[in-house]
Amino acid sequence: MKIYTDLSNYTSTNKTFVTIGTFDGVHVGHQKVLSNLVQSAKKNNASSVLLTFFPHPRIVLQKNASIKLINTIDERIKLLDKTGLEILVIHEFTKDFAEKTAFDFVKNVLVDNLKISNLIIGYDHRFGKDREGNFEQLTAFGEKFGFKVNKIPQQEIDHITISSTKIRKAIELGNIEDANRYLGYYFMLTGEVVKGKNLGEKIGFPTANLSIKETYKLLPKTGSYVVKAELEGETVYGMMNIGYNPTVKGKNQTIEIHFFDFNKDLYGKTIQIDVLKFLREEQKFNSVEDLKNQLLRDKQNSLKIIQNNYFDL
């Protein structure tokens, strides 16, 4: 998959089949649309192109937008690369770009830049300044400029919209297994391993402390989870705590992972954590010893879950 970070950096030399959207989550609904796009493009000797935007339009256009995204942009790229898509154009979404009229968007972006042959969109897709463009206008533009417009059936779009909403809600509630089924893969957290307070190491549970720089990344609710990661060529399981460490009066939220049977130095490395299953709510213990005993029980529960594959998609 070739990646272009701005529309001005890419002008197609071949006819293209195009779809447009943020595709946050790249979940099972998105995967179906992209599979259709890729297969249709191949049959017609065209290039498959996804035009997506970053930052998310709602973040740019809505004041105090609180939307959190399922994927960071790097995670989204990694997931899209697995779909067979040939070309990904990530265009910066700005207020100026939002002012582009429907005609200018079609003429300048789709026709001149992308050399569009076929556009696949949702039945209620709107575009251009003040969302003035609709399916009927696109069809008319298609007749004028010589490209076809294929509408994704309403039931498929409704499925995509509903599952996007469900995924975010499920993650926020800690319903990770439901979220993973909607995604078609394990919800991931990607970040750098940084120094912590070493409390875990003192009580026999050393942790990798994960720092995620993307503030727009959606995090699961506080609590403990079963996780896995690919570390230095091997699959390693563990348990993760997201929370404020109330037993030791922590003030800032942390993400701490204790890996089972892995003792190599990870400081400064960027790692991806796959979140498999929710274990328990975060709680305050009367003593560090009580905390240690609970961690021992958590480990036993985690190993039982891993052994029985209770988290399979």
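Each remark here, short or long, concerns the structure printed above.
Residues numbered from 1 in each chain as written. Predicted model: local features only at pLDDT ≥ 70, side-chain atom pairs only at ≥ 80, totals over all residues. Heavy atoms only, no water.

**Student:** How would you explain the overall build of the chain if you had to name every residue and give the values?
**Tutor:** Within the chain, the regular secondary structure consists of ten helices and twelve strands. Considered along the principal axes of its C-alpha atoms, the chain spans approximately 75 × 40 × 35 Å. Of all 313 residues assigned to the chain, the portion counted as buried reaches 47%. Taking the intrachain contacts of the chain between residues at least 6 apart in sequence as the baseline, contacts between residues at least 24 apart amount to 74%. If you sum the accessible surface of the chain, you get close to 16000 Å²; carbon and sulfur atoms cover 46% of it. Seen as two clouds, the 43 positive and the 37 negative side-chain charges of the chain have centres 1 Å apart. (Helix = DSSP H or I, 4+ residues; strand = E, 2+ residues; numbered from the N terminus. Buried < 20%, exposed > 50% of the residue type's maximum accessible area, 1.4 Å probe, protein only. Contact = heavy atoms within 4.5 Å. Areas by Shrake-Rupley, 256 points an atom, 1.4 Å probe, with all protein chains shown as cover. Lys, Arg positive; Asp, Glu negative; His and termini not counted. Charge placed at Lys NZ, Arg CZ, Asp CG, Glu CD.)

**Student:** A description of the pairing of strand β8 (residues 208-211) should follow, citing residues and the corresponding values.
**Tutor:** When strand β7 (residues 188-194) meets β8, the two strands line up antiparallel, connected through three bridges. By the bridge assignment, V193 is partnered in β8 with L210. Summarising the sheet, β8 and strand β11 (residues 254-259) pair through two bridges and their orientation is antiparallel. Paired with A208 across the bridge in β11 is I257. (Pairing = 2+ DSSP bridges.)

**Student:** Before we move on, could you go through the nonpolar core and cite the residues and values that matter?
**Tutor:** Core analysis: the biggest nonpolar cluster contains 52 residues, and L189, M240, F259 and I273 have the highest contact counts within it. Counting 28 residues, the second largest nonpolar core, distinct from the first, contains I20, F53, I121 and F135. (Core = buried A, V, L, I, M, F, W, Y, C linked by side-chain atoms within 4.5 Å.)

**Student:** Describe in detail the layout of surface pockets, supporting the description with residues and values.
**Tutor:** Empty space within the second largest pocket amounts to approximately 1000 Å³. Contributing to the lining of the second largest pocket are 43 residues, with G200, F205, P206, T207 and E256 lying nearest its centre. At the level of elements, α9 (199-202), β8, β10 (234-243), β11 and α10 (288-308) are the ones that each hand at least two residues to the lining of the second largest pocket. Of all the elements, β11 adds the most residues to the lining of the second largest pocket, at five residues. In terms of residue class, the lining of the second largest pocket is built from 18 nonpolar, 16 polar and nine charged. (1 Å grid on protein atoms, 1.4 Å probe; cavity = no way out; pocket = protein on both sides within 12 Å on 5 of 7 lines; lining within 4 Å. Points joined across faces, edges and corners; volume = space filled by probe spheres on them. Nonpolar A, V, L, I, M, F, W, Y, C, P; charged D, E, K, R; others polar.)

**Student:** Before we move on, can you summarise helix α3 (residues 73-81) with the specific residues and values?
**Tutor:** Here α3 has its buried residues at I73, E75, R76, I77, L79 and L80. Close packing links the buried residues of α3 with β1 (2-4), α1 (28-43), β3 (47-54), β4 (87-92) and β7.

**Student:** Pulling in residues and values, what's your account of α10?
**Tutor:** For α10, which comprises 21 residues, the first-to-last C-alpha distance of 30 Å matches the rise-based estimate of 30 Å (1.5 Å per residue) to within 8%. For α10, the full list of buried residues reads L291, Q294, L295, D298, S302, I305 and I306. The buried residues of α10 occupy one face: seen down the axis, they fall within an arc of 110°. Facing away from the buried surface of α10 by more than 90 degrees, the exposed residues are Q300 and Q307. Contact partners of the buried residues in α10: β9 (223-231), β10 and β12 (270-280). Count one or two residues on from α10 and you reach N309, which has phi positive near 55°. (Expected span 1.5 Å × (residues − 1). Arc of directions from axis to C-beta.)

**Student:** Describe the side chain of D298, and please don't skip the residues or the numbers.
**Tutor:** With respect to the helices and strands, the residue D298 is situated in helix α10. For D298, a relative accessible area of 3% gives the class buried. Contact partners of D298, with chain neighbours within four places excluded, come to S224, M239, L279 and R280.

**Student:** Which residues make up the pattern of salt bridges, and what are the values?
**Tutor:** Under the criterion given, the structure shown has ten salt bridges. Its salt-bridge partner being D24, residue R168 comes within 2.9 Å of it at the nearest N-O pair. Of this pair, R168 sits in helix α7 (residues 154-173) while D24 sits in the loop between β2 (16-20) and α1, placing them 144 residues apart in sequence. Just as R168 is buried, D24 falls in that class too. Close ionic contact of E232 with K269 constitutes a salt bridge, the shortest N to O distance being 2.9 Å. Placement of E232 in the loop between β9 and β10 and of K269 in the loop between β11 and β12 is noted, with a sequence separation of 37 residues between them. (Salt bridge = Lys/Arg side-chain N within 4 Å of Asp/Glu carboxyl O.)

Everything listed here is a matter of coordinates, which is why it stays silent on function.
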